[in-house]
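The chain contents come next:
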Amino acid sequence: MFKHFVAAREDEPGDAWRARFAAGRDEAVRWYLGSGRGPPPRAIECRAALRRHMPELVPHYDSACALVGDDDLAHRILSHYRPPPIVHGCSQAIWLGDGGPALVRNYDYPLDIVSDRFELTAWSGHRVIAKAQRPWGGCLDGMNEDGLVASQTAGGSPAQGLGFSVILVLRYVLETCRNVDQAIAALSRIPIALSQNVTLLDRTGQFATVFLGPDREPAISRIPACTNHLETTTKLGSAALTRSFRRQRSILAALEERTMTLERLTAKFFEPPLYSRQDGFTTVYTAVYLPAEGRVDYLWPGERWSQRFNHFVAAEYTHDYGELPS
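Remember, it's a predicted structure, so these values are computed and weren't measured experimentally. Each chain has its residues counted from 1, following the order in which its sequence is written. Confidence filtering applies because this is a predicted model: local features only for residues at pLDDT of at least 70, side-chain atom pairs given and counted only at 80 or more, and all residues used for totals across whole chains, interfaces and linings. Excluding hydrogens and water, the side-chain values take into account all heavy atoms of the structure.

Asker: I tried to follow the overall build of the protein chain on my own but got confused; where do I start?
Answerer: Here a strand is any run of E in DSSP of at least two residues, a helix any run of H or I of at least four, and the numbering for each starts at the N terminus. Looking only at helices and strands, the protein chain features eight helices and 16 strands. Across the 326 residues in the protein chain, those meeting the buried criterion constitute 57%. The contact criterion used throughout is that any non-hydrogen atoms of two residues lie within 4.5 Å. Within the protein chain, contacts between residues at least 6 apart in sequence are counted, and of these 66% link residues at least 24 apart. Of the roughly 13,500 Å² of accessible surface on the protein chain, a fraction of 51% belongs to carbon and sulfur atoms. In this scheme, a residue with accessible area under 20% of its type's maximum is buried, one over 50% is exposed, and one in between is partly exposed, where area comes from a 1.4 Å probe on protein chains only. The protein chains shown are the only cover counted for residues, whose accessible areas, like all others here, come from Shrake-Rupley with a 1.4 Å probe.

Asker: Just checking my understanding: could you explain the side chain of H75 for this structure?
Answerer: Looking at where H75 falls in the secondary structure, it is placed in helix α4 (residues 72-79). Taking the relative accessible area as the measure of exposure, H75 reaches 17% and is therefore buried. Identification of polar contacts relies on pairs of N or O atoms within 3.5 Å, with a donor-acceptor requirement for protein atoms, meaning one able to donate a hydrogen and the other able to accept it, and with residues adjacent in sequence counted only if both atoms are side-chain atoms. Within the local environment of H75, its side chain forms a polar contact with the backbone oxygen of G69, the two atoms lying 2.8 Å apart. Excluding anything up to four places from it in sequence, H75 contacts A43, Y61, C65, V68 and G69.

Asker: Can you help me understand helix α1 (residues 15-33) in this one?
Answerer: Counting along an α-helix, one turn takes 3.6 residues, and residues three or four places apart therefore face a common direction. One fewer than the residue count of a helix, multiplied by 1.5 Å, yields its expected span. Over its 19 residues, α1 runs 25 Å from end to end, which matches the ideal 27 Å to within 8%, given 1.5 Å per residue. The sharpest bend along α1 reaches about 60° and sits at G24. Along α1, the positions that sit buried rather than exposed are W17, F21, A28, V29, W31 and Y32. Those residues of α1 that are buried are in contact with α2 (43-53), α3 (58-68) and α4. The seven residues ending at a residue and the seven starting there each receive a fitted axis; the angle between those axes is the bend at that residue.

Asker: Would you mind showing me how to read the sheet that holds strand β6 (residues 139-144) here?
Answerer: Strands pair in a sheet through their backbones, by hydrogen bonds, and they do so in one of two ways: parallel or antiparallel. The mixed open sheet is built from nine strands, whose spatial order is β10-β9-β8-β7-β6-β5-β4-β1-β16. Each edge of the open sheet is held by one strand with a lone partner, namely β10 (219-221) and β16 (315-320). The mean angle between the axes of side-by-side strands here comes to 20°, regardless of whether they run parallel or antiparallel. Only when DSSP finds a minimum of two bridges between them are two strands counted as paired. With six bridges connecting them, strand β7 (residues 149-154) and strand β8 (residues 196-201) associate as antiparallel partners. Residue Q152 lies in a different strand from β8, and its bridge partner there is V198. With respect to the sheet, helix α5 (residues 166-176) is in contact with β4 (117-121), β5 (128-132), β6, β7 and β8, its orientation differing from that of β6 by roughly 5°. Axis definition: a line fitted to C-alpha atoms, limited for helices to the stretch in contact. Angles are taken between N-to-C directions and run from 0 to 180 degrees.

Asker: What exactly am I supposed to notice about unusual backbone geometry here?
Answerer: With glycine set apart, most residues show a phi of negative sign, and most peptide bonds adopt trans. Residue P101 follows G100 across a cis peptide bond; omega there is 5°. For P101, the location among the structural elements is in the loop between β2 (91-95) and β3 (102-109). Located in the positive-phi region is R82, a residue other than glycine, with phi close to 55°. Secondary-structure assignment places R82 in the loop between α4 and β2. Phi at R134 is positive, roughly 75°, even though this residue is not glycine. Relative to the helices and strands, R134 resides in the loop between β5 and β6.

Asker: I tried to follow the pattern of salt bridges on my own but got confused; where do I start?
Answerer: Once the charged atoms of two side chains with opposite charge are near each other, the side chains can pair. The salt bridge criterion pairs a side-chain nitrogen of Lys or Arg with a carboxyl oxygen of Asp or Glu, the two atoms within 4 Å. Under the counting rule described, the total for this entry stands at 19 salt bridges. When the shortest N-O distance is used, the salt bridge between R18 and D15 registers 2.5 Å. One end of the pair is R18 and the other is D15, both in helix α1 and three residues apart, which spans about a single turn. For D15, a relative accessible area of 55% corresponds to the exposed category. Close ionic contact of R178 with D146 constitutes a salt bridge, the shortest N to O distance being 2.8 Å.

Asker: What am I meant to see in the state of the cysteines here?
Answerer: In protein structure, a disulfide is the covalent linkage between the sulfur atoms of two cysteines. Cysteine sulfur atoms that pair up within 2.5 Å are treated as a disulfide. All told, the structure shown has zero disulfides when counted by the stated rule. With no disulfide of its own, C46 lies 9.3 Å from the sulfur of C65, the closest cysteine sulfur. Unpaired in this structure, C139 has its nearest cysteine sulfur neighbour in C177, at a distance of 13 Å.

Asker: How should the packing of aromatic side chains be read in this particular structure?
Answerer: The geometry of an aromatic ring pair is captured by two quantities: the separation of the ring centres and the angle between the planes. For Phe, Tyr and Trp, where Trp contributes only its six-membered ring, two rings pair if their centres lie within 6.5 Å, and the inter-plane angle classes them as stacked under 30 degrees, edge-to-face over 60, or tilted in between. Evaluation of the coordinates by the stated rule reveals 18 aromatic pairs. Ring geometry for Y289 versus Y298: centroids 6.2 Å apart, planes at 90°, classification edge-to-face. Neither residue differs from the other here; Y289 and Y298 are each classed as buried. Through successive ring pairs, a cluster of aromatic residues spans F5, Y107, Y109, F118, Y285, Y289, Y298, W300, W305 and Y317. Across the ring face of F5, the terminal group of K3 is positioned such that the distance to the ring centre comes to 6.0 Å. The rule for a charge over a ring is simple: NZ of Lys or CZ of Arg within 6 Å of the ring centre, and within 35 degrees of the ring normal. Over the ring of F118 we find K131, and its NZ or CZ is 5.3 Å from the ring centre.

In structure tokens:
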């Protein structure tokens, strides 16, 4: 299977974004109205929730709504408020040795749903490099020019609640926070719709993973590896949970090796059990964030994009994932 990717600078959404939204609106509707959820909130409720919890994003949200015009469902979608349940993978590690600090992560998800864009934005004059997802605002992982990195994985609970999608919350953190402490404070007060784990790193080497869920209080972990289970999980109740523990143990074992390097650690993210070629749970890309350098490397087997705030390069790449086993 082939998938095309682009790297682009877009300071803020405009005509090009509006054209992309129109082209992908059907997929956005399928996402937001997906299965396993109750009736979606009204647009007025969505904006009110955004204003209450992430007011700094409201001017940008209003601008995006103005671009799509009088489209009530689109306004609800753009809010990311009360999204449907989704399941995805991911593995991430913190490296504090030579060449660090660094956050290394794999993103595992169905290829046809992941967006094609890696972006440099400057919504309020504050630059952010991120893997964009969904129609507006969403970040799977990213870094701001202050050197704060944020990256998410799915948590291990099926709980659903009245909150926002984690990918918009990550955008908020990268737009408004400068370090790990500020990001923890923000994540701890914003309601989340689903169980999520967010790993944070800043240019000083401070790091944390915040375990979030609509049915629990946030919890902070200083373990330098995170996959798809909660910090309180002790029993292997499913094949997915077993795989999650196996991936975390693999990362922790690698970090404990006395001869480990950042290069070798990154290479392990291209090997089982961290690298997946399973259909529907495919490793879409690997990212290595280096906040002290203001640099991120996006990686695929045989391809590397190095992007910096002072040298962001527009690019296109099509990766052949081959025939994926089901």
